[in-house]
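Residue-level listing of the chains:
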Amino acid sequence: MTKTENATIVSGKTEFFKGIGRIIYEGRESTNPLAFKYYDEARMIGEKSMKEHLRFAVAYWHTFGGTGADPFGMPTKFFPWLTSNDPVKQAKDKMDAAFEFISKMGIPYYCFHDFDLIQEGDTIAETDKRLEMITDYALEKQQASGIKLLWGTSNLFSHPRYMNGAATNPDFDVVVYAGSQVKRALDITIKLGGKHYVFWGGREGYMSLLNTNMKKELDHMASFLHMAKDYARKNGFNGSFFIEPKPMEPSKHQYDFDAATVIGFLREYGLMDDFMLNIEVNHATLAQHTFQHELQVAANAGQLGSIDANRGDYQNGWDTDQFPVDVYELTEAFLVILSHGGLIGGINFDAKTRRNSTDPVDIFYAHISGMDAFARALTAAYNILENTEYSRMLEERYSSFSNGKGKDFENGKLTLKDMADLARQQGEPVQKSGQQELYELLISRQI
Ligand code: XLS
Ligand code: NI
Ligand code: NI
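Residues numbered from 1 in each chain as written. Chains lettered and ligands numbered in written order. Predicted model: local features only at pLDDT ≥ 70, side-chain atom pairs only at ≥ 80, totals over all residues. Heavy atoms only, no water.

A.B. asks: I'm lost on the packing of aromatic side chains in this one. Help?
C.D. replies: Inspection of every chain in the model, using the stated rule, returns 30 aromatic pairs. A centroid spacing of 6.5 Å and a plane angle of 70 degrees characterise the contact between F64 and W81, whose relative ring orientation is edge-to-face. With F64 in helix α3 (residues 60-65) and W81 in the loop between α3 and α4 (87-105), the pair connects residues that are 17 residues apart, well separated along the chain. Using a relative accessible area of 0% as the deciding quantity, one classes F64 as buried. (Phe/Tyr/Trp six-rings, centres within 6.5 Å; stacked < 30°, edge-to-face > 60°. Helix = DSSP H or I, 4+ residues; strand = E, 2+ residues; numbered from the N terminus. Buried < 20%, exposed > 50% of the residue type's maximum accessible area, 1.4 Å probe, protein only.)

A.B. asks: How should I be thinking about empty space enclosed by the protein in this particular structure?
C.D. replies: One simple way to see leftover space: roll a probe sized like a water molecule over the atoms. Following the criterion strictly, the structure yields 3 cavities of 30 Å³ or more and no others. Around the largest cavity, the lining comprises 18 residues; the ones closest to its centre are L156, F199, W200, G201 and E204. Every element with two or more residues in the lining of the largest cavity is listed here: β6 (196-199) and α8 (214-234). Among the residues making up the lining of the largest cavity, the classes are represented as 11 nonpolar, 4 polar and 3 charged. (1 Å grid on protein atoms, 1.4 Å probe; cavity = no way out; pocket = protein on both sides within 12 Å on 5 of 7 lines; lining within 4 Å. Points joined across faces, edges and corners; volume = space filled by probe spheres on them. Nonpolar A, V, L, I, M, F, W, Y, C, P; charged D, E, K, R; others polar.)

A.B. asks: Even after reading the chapter, I still don't get the sheet that holds β6, so can you show me in this structure?
C.D. replies: Backbone-to-backbone hydrogen bonds pair the strands of a sheet. The strands run either parallel or antiparallel. Around the barrel, which closes on itself, the 8 strands sit in the order β3-β4-β5-β6-β8-β10-β11-β12 with parallel pairing between neighbours. The average undirected angle you get between the axes of adjacent strands in this sheet is 30 degrees. Of the strand pairs in this sheet, strand β11 (residues 304-309) and strand β12 (residues 347-349) are connected by 3 bridges, and their pairing is parallel. Each bridged residue has a counterpart across the sheet, and for I307 the counterpart in β12 is I347. Helix-sheet contacts for helix α7 (residues 172-191) involve β4 (109-113), β5 (148-153), β6 and β8 (241-243), and the interaxial angle to β6 is about 155 degrees. Packed on one face of the sheet, helix α9 (residues 259-268) meets β8 and β10 (275-280) and runs near 170 degrees to β10. (Pairing = 2+ DSSP bridges. Axes fitted to C-alpha atoms, helices over the stretch in contact; angles between N-to-C directions. Contact = heavy atoms within 4.5 Å.)

A.B. asks: What is the right way to look at the layout of surface pockets in this model?
C.D. replies: In this structure, the second largest pocket spans a volume of roughly 730 Å³. What lines the second largest pocket is a set of 22 residues, and nearest its centre among them are R397, S400, F401, P429 and K432. Of the residues contributing to the lining of the second largest pocket, the split by class is 10 nonpolar, 7 polar and 5 charged.

Shown next as structure tokens:
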């Protein structure tokens, strides 16, 4: 990395990640931890480059705002871009650090909540002013770096006013406030050319049914989403809206429990055309599902949108948001994704380094490791689909429905009486192995 190359990356006054240049692909044999071994952005996997298949995004909140504070302890990460007490200066420093990091990583996208960009002001007017200023700054940075906004969203869960929910709050005054916030978040997403917009219902749910009218709250959530969608469409937004399911935390019962629940909700309230799903790995596991199960449920309904990449912990039952490392699990996920034509959105690292990973360089290791894991999974899944018996085996397993009476059954042409007659003619079915281990072997061989 020469001085001039770095100068184009470090657009702010300060270089926050000193001594680290552009992270490049060095191949499998490299021992440099600050290099990609598998993620080779230009490499073609079928018709598309790795970069295009994966469309990685950095999550502004965890990566630049996460301080390591937890319910038991104070912040552990004293990042230089968070030190100013002036909210405007702090927001600009944070953005300089963000664009420096994202550029050095060669990641094409980022994602934010409104108040990741800058602290909320004391009045709506002050907040408007702050967000106007910082998004002007973001626009300059985006244009200079080529980095794009994958999606924007609104933080409707941190402020005390939302303790009983935002769109599902029992008090109309709070719902109104949430509406004004989403309008502004949509405005800035559109201003920054955001491809999509996410709704994660942080406190859209309840703690106790005793004080909750669930039906009313769900109706309100639907009206709210319709309003948001109508407003955005009228103002030229043509991306997708994504709902991000999560079963619990912070509410005990979250309305967007899992993919199946969300799809049922979207269908019931006529939102299927505009809303798709943003599936997060750790949320899937909290709902007692695998990640690939949730992807498949979304794909079945034609609603497979985007991914929040992370992983949970096998022993702890909460949203630990660790960086993904499990190539086997990700390969299973990519079998689903590739079989359904890829993602509309991309892969946002909704993940944080551990509380005791306190060096700025740890953020690099985390993303490099996650991107390499995804690159391996993409390649393995592609090879499994293209160069192994996998697809044929799966098709073969259902071949008894391809013609004859099986086909008639699929087409709804048989009655239950027909089934009884057929069973009598055929007798006991011949036993057929499910061959799970053979399928597993196809994956182990590719990774
Ligand atoms: C929290 C969610 C959140 C959303 C964006 O668990 O994952 O980070 O992705 O609001
Ligand atoms: Ni998320
Ligand atoms: Ni999460």
